Structure formats: C-alpha cells, structure tokens
Amino acid sequence: MAENRVSTPYTKHLVLFSPPFQGHINPMVQLAHILHSRGFFITIVHTDYNAPHLEPRPGLTIEPIYLGLSNEEAREMDIVELILTLNKKCELPFRALIEDLQSKKGGLRVSYLITDAVMYFTQDLAEELGIKRMAFRTSSSTSTLGFQAIRDKGYLDNRGHPSDEPIPDFSPFRFKDLPFVNTKDPDSLCLFISSFTGKSFRASALIFNTSDCLESPALEKIRPQCRGPVFAVGPLNFPSSSSILPEDDKCISWLNTQPPRSVVYTSFGSLASMESSQVMEIAWGLANSGRPFLWVVRPGLINVLNAACLPSGFTEQVGLRGLVVEWAPQKKVLAHGAVGAFWSHCGWNSTLESICAGVPVACWPQFSDQRVNARLICHVWRVGAEMGREVERGEVEMVVRRLLVEREGEEMREKASELKKVVQRSLGKGGSSYEALDSLILQLMSC
Ligand code: UDX
C-alpha cells in the first residue's frame, strides 16, 4: 500500500471510487487530478475487473480492490445486473480498504469519500463508518430526471412503445428519449434507479460533470431534492490518462494528412454492442459517403463476430480515405482541425468532449442516458442531427453529407463553436463551473 504520511504537506485525504466502466473512470480520474492539484491527498480506488492504466504520483495513490469477477461472468450479465452485482461484490473489499486507511499508524485519515452515484452501496457504508460521502454523477443531470420519471411516473411500461409523444412536465423530451436500459428483470431497473438517485440525494453533496450553462433547468429541479449542495463543476477537462484499452496514436498522423474539417469521426463509446448486420450498414454508409472517416471498432463492439470482421471488399474500396482503429485518443481526435463531424452514440463524455471541441454531432443513441443526451444535442443546443434507430447505409451517407458538406452542417458548426465559448466562459474565473468547483473545495476543506 502506498505511503500517506502526515509529514506530507497534505491536510485532507480524499478517496475517489468509480465503477469499472471507461465513461465513469475518465471523469473521476480528472476530478481526482483537479483536487490533487488543489492540495488534497488523493487515493483512487479501482476494481481489478476492467482496470484502467493509472500512474501514481506523489500525493496521489492508486489502490486496486479484488472482486473475484471474471470477464466471462460479467459478459453474461446485462448492464443493470452487472451494476447491482458490482455494488454487492465491491462492498467487502472497499470497506476493508477504508478501514485499513483509517487505522494506518501515522496515516492521514480519510476525510471524504467521493464515489460514483451508481456505486450507491458507499452511502450506507460511509454513514456506518462515520465518513462523509459526496456522490459524483458522471452523466447528465437531465438524464437523472429521466430515470426518476421512469420509476416515479410508471413509464417502465412505455419501453416497448417508443413514441414521439411529449412527456408531461419534461419538455422537450419525448417518450422515446427516456433512458431505458434493456434488462432481463425490469424490477432490477427500478431498484437501480431508486438506489442510485435516493442515496446520492442523501449524500453530503452531489457533484455533476456538467455546467449550469448547459443544463440549468434540470439542475434546478434536482437541487431541492438533495440534502446537500449540488455542484455543477463540468465539463471536467484535465489532461490525464485513464484508458482501459491502449490508444492507437496512428490516427493523429492519419488526420494530419486530411483536409480541414473533412473527416467524420465515428465512435460508439465503451459499452454499446451491435449485430454484424448493423456493422455492415455503418461500414457501407461510411464508404459510400465519399468522405474521409476515422472509425473506432473496439473489441467487443460487434456481437459474436470479432472486430476484424469488416465486410469483404470494404478496405479495398475505401483505401486511404478511411481508417479503422480499436481505440482512439478521442479528445485529441476531436480537437484536430481535420475533424468536421462526430457520429456518436451520445455518451455523456463524448457529448461534453464534442462541445469542448466545437464539433457538430450525428446522434445515434443506443441506450440509457444517451437518448436524453441526443435530444439535448439536437433540440436544445441545436448542434447535431438526429438519426433513426435502425441504422441504414443510405441514411448514414445522407447524414455525413448534411454535416460535412451542406449549409445545415455549417450552421451547426457555428452554433457548436458558440456553445464551446459559452462553456469555456463557465469554466473561467467568475463562471458558474469555476465557482462551483471553488465551493466544492471549500466544503472539502472545512470538514
Ligand atoms: C456510458 C454512457 O452512455 C455515458 O453517458 C455514461 O456517463 C457512462 O457510460 P460510454 O459508452 O463509455 O458511456 O461513452 P462516453 O460517456 O462517451 O465515454 C467514453 C469515453 O471513452 C470518453 O471519455 C471518450 O473520450 C473515451 N474514448 C472513446 C476514447 O478515449 N477512445 C475511443 O476510441 C472511444
């Protein structure tokens, strides 16, 4: 175990913990680095299952916990089942680690746990151990309201009937935008929603990786429900590395050879999986668009088939115009001048990263919060185009052209560039996210 002696300049020790999913690890690690840079001693806890590559540094230690969960077991579960299982399996080793840190002779006692909202078991544990806990919600605040609506208003029955009907009291969202997650047992979805919302609202504070300038209506609805303050400190954007898969840097040299704003970057995040028939449509849609593309086909994206199984003749047809990689340095890619559009599943990190880069988005949400995020992108901020649920090569060709070639895409790019400036202002001195981070630090210092 790494040292955490009182002889260090640190006076407060924070333990940060996220579930083993890339989209949760990235913002947690960024928050850890920000707090470390503001003088806190940090312990980042991660599970041995799906472990990220993290570098310790003085005052920032990394602690793995061992779950006894194999990749095969995890693969058999749907995402809700997996999260419920993680909450059970993490409890003992996480408790043992915290007790160990608290009893370590000469060590700095843990003053706060900052744990992902979906690792809800940590709220009861923190109360039992007499340590304060802040919950960190790494997805949009609007999607949190969407989850609440599913449970409180009985919308679970709507999941089989996605409709364009507006949801009462949740404008401008439609029933088809609700954050449903396919699960074998619908009751487990309700249990998940009650646990993660109820326990994070009970925490000493709730941190969101968002900004008031992006989601103020949702944040205003959440604030009165919480016991402590709500800090909207995002988008977190600290240069740090926390990838589970190795990043393939050759895409940057390939991007260097492409004309400005000509490339559609295509990536569906770390969790979505699809049928090989859908992969065919994506492949031929990109090929037929005639535009340069960079496509992330991560291991596990394709059900049954392995990642090498692109349609025959595809590579020959696209030649140097297209590049397929297993994992990209996404933020660097989006910031590259050659990228003109992002075809995305609208995970919240990808959404924030596209905003920070000022890149318009073709929205193809797959499940959960991604649908809410897509509606924010297309309808509220108007920096993207909505795609149909069933991917079809003709539509892919059309949407790529709309974003990269047509006037409509140019207008979205202008709006995206304005939104980027608004967000940058909120992160700068005097901006809402800047102030929220200062208030968060004050609360962490004062305990
Ligand atoms: C899912 C949810 O959809 C998301 O909203 C939730 O907050 C976390 O779980 P995920 O599929 O991982 O997320 O997508 P996203 O939230 O976009 O996160 C993916 C992260 O991986 C991003 O930070 C992105 O930059 C990174 N990434 C993705 C890479 O670094 N390289 C890649 O090739 C693809």
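Residues numbered from 1 in each chain as written. Predicted model: local features only at pLDDT ≥ 70, side-chain atom pairs only at ≥ 80, totals over all residues. Heavy atoms only, no water.

## A short note on the overall build of the protein chain
Helix and strand content of the protein chain: 16 helices and 13 strands. For the protein chain, the spread of C-alpha atoms along the three principal axes comes to 65 × 50 × 50 Å. Counting contacts in the protein chain only where the partners sit at least 6 residues apart, residues at least 24 apart contribute 72% of the total. Of the roughly 18100 Å² of accessible surface on the protein chain, a fraction of 52% belongs to carbon and sulfur atoms. (Helix = DSSP H or I, 4+ residues; strand = E, 2+ residues; numbered from the N terminus. Contact = heavy atoms within 4.5 Å. Areas by Shrake-Rupley, 256 points an atom, 1.4 Å probe, with all protein chains shown as cover.)

## Overview of the packing of aromatic side chains
One pair of aromatic rings is described through two measures. These are the centre distance and the angle between the planes. Applying the stated criterion across every chain yields a total of 17 aromatic pairs. For the ring pair phenylalanine 147 and phenylalanine 192, a centre distance of 6.1 Å and an interplane angle of 85 degrees mean the geometry is edge-to-face. Of this pair, phenylalanine 147 sits in helix H5 (residues 141-152) while phenylalanine 192 is found in helix H6 (residues 186-201), placing the two residues 45 residues apart along the sequence. For the residue pair phenylalanine 147 and phenylalanine 192, the accessibility class agrees, reading buried in each case. Put simply, the rings of Trp284, Phe293, Trp295 and Phe314 touch in pairs and so form one group of aromatic residues. (Phe/Tyr/Trp six-rings, centres within 6.5 Å; stacked < 30°, edge-to-face > 60°. Buried < 20%, exposed > 50% of the residue type's maximum accessible area, 1.4 Å probe, protein only.)

## Points about the nonpolar core
Phe94, Phe192 and Trp381 are the most contacted members of the largest nonpolar core, which totals 76 residues. It is helix H3 (residues 79-103) that provides the largest number of residues to this core, a total of ten residues. Per-domain counts for this core show at least three residues from each of domain 1 (13-241 + 428-446) and domain 2 (250-405). Beyond its immediate chain neighbours, meaning those up to four positions away, tryptophan 381 contacts Leu214, Trp348, Thr351, Ile355, Leu376, Lys415 and Leu419. (Core = buried A, V, L, I, M, F, W, Y, C linked by side-chain atoms within 4.5 Å. Domains from an automatic or database assignment.)

## Remarks on the site of the ligand
As a matter of local geometry, the ligand sits amid 23 residues, with Ser270, Ala328, Ser350, Glu353 and Asp369 nearest to it. At a separation of 2.6 Å, an oxygen atom of the ligand approaches a polar side-chain atom of glutamate 353. Within the side chain of aspartate 369, an N or O atom sits 2.2 Å from an oxygen atom of the ligand. Protein contacts shield 96% of the accessible area of the ligand, which totals 660 Å² for the unbound molecule. For the shell around the ligand, the secondary-structure elements that each account for two or more residues are helix H1 (22-37), strand S8 (263-267) and helix H12 (348-357). Of the residues contributing to the shell around the ligand, the split by class is six nonpolar, 15 polar and two charged. When residues of the shell around the ligand are assigned to domains, at least three fall in each of domain 1 (13-241 + 428-446) and domain 2 (250-405). (Near = heavy atom within 4 Å. Polar contact = N/O pair within 3.5 Å; in protein donor to acceptor, adjacent residues only side chain to side chain. Nonpolar A, V, L, I, M, F, W, Y, C, P; charged D, E, K, R; others polar.)

## Regarding the domain arrangement of the protein chain
Here the protein chain is described as being made up of domain 1 (13-241 + 428-446) and domain 2 (250-405). Inter-centroid distance (C-alpha atoms) of domain 1 to domain 2 is 27 Å. Both sides of the domain 1 and domain 2 interface together cover about 2100 Å² of buried area, and 59% of this is carbon and sulfur. Taken together, the connections running from domain 1 to domain 2 amount to three salt bridges. Inspection of the domain 1/domain 2 interface yields eleven residue pairs in polar contact (both at pLDDT 80 or more). Listing elements by their share of the side of domain 1 that touches domain 2, those giving two or more residues are H1, H5 and helix H7 (212-222). With four residues, the single largest contributor to the side of domain 1 that touches domain 2 is H1. Broken down by class, the residue content of the side of domain 1 that touches domain 2 amounts to 14 nonpolar, eleven polar and four charged. (Buried area = accessible area lost by both parts, 1.4 Å probe. Salt bridge = Lys/Arg side-chain N within 4 Å of Asp/Glu carboxyl O.)

## Considering the pairing of strand S5 (residues 132-137)
Burial analysis of S5 places five of its six residues in the buried class, the great majority of the element. Two elements, strand S4 (residues 110-116) and S5, share five bridges in a ladder whose sense is parallel. Residue pairing across strands places threonine 115 opposite alanine 135, the latter belonging to S5. Crossover S4 to S5 through helix H4 (residues 121-129) is right-handed. Taken together, the four bridges between S5 and strand S6 (residues 205-208) define a ladder with parallel strand orientation. For alanine 135, the partnering residue across the bridge sits in S6 and is leucine 206. (Pairing = 2+ DSSP bridges. Right-handed = clockwise from strand over helix to strand, strands pointing away.)

## What to know about the sheet that holds strand S12 (residues 361-363)
A sheet is described by the order of its strands in space; here six strands give the open sequence S10-S9-S8-S11-S12-S13, paired in parallel fashion. The two strands at the open ends of the sheet, each matched to only one other strand, are strand S10 (322-325) and strand S13 (384-386). On average, each strand axis in the sheet is inclined to that of its neighbour by 15 degrees, with strand direction left out of account. In the sheet, S8 pairs with strand S11 (residues 339-344) via five bridges, with the strands oriented parallel. By the bridge assignment, valine 264 is partnered in S11 with alanine 341. Helix H14 (residues 393-404) contacts S8, S11, S12 and S13 of the sheet and is inclined by roughly 160 degrees relative to S13. (Axes fitted to C-alpha atoms, helices over the stretch in contact; angles between N-to-C directions.)

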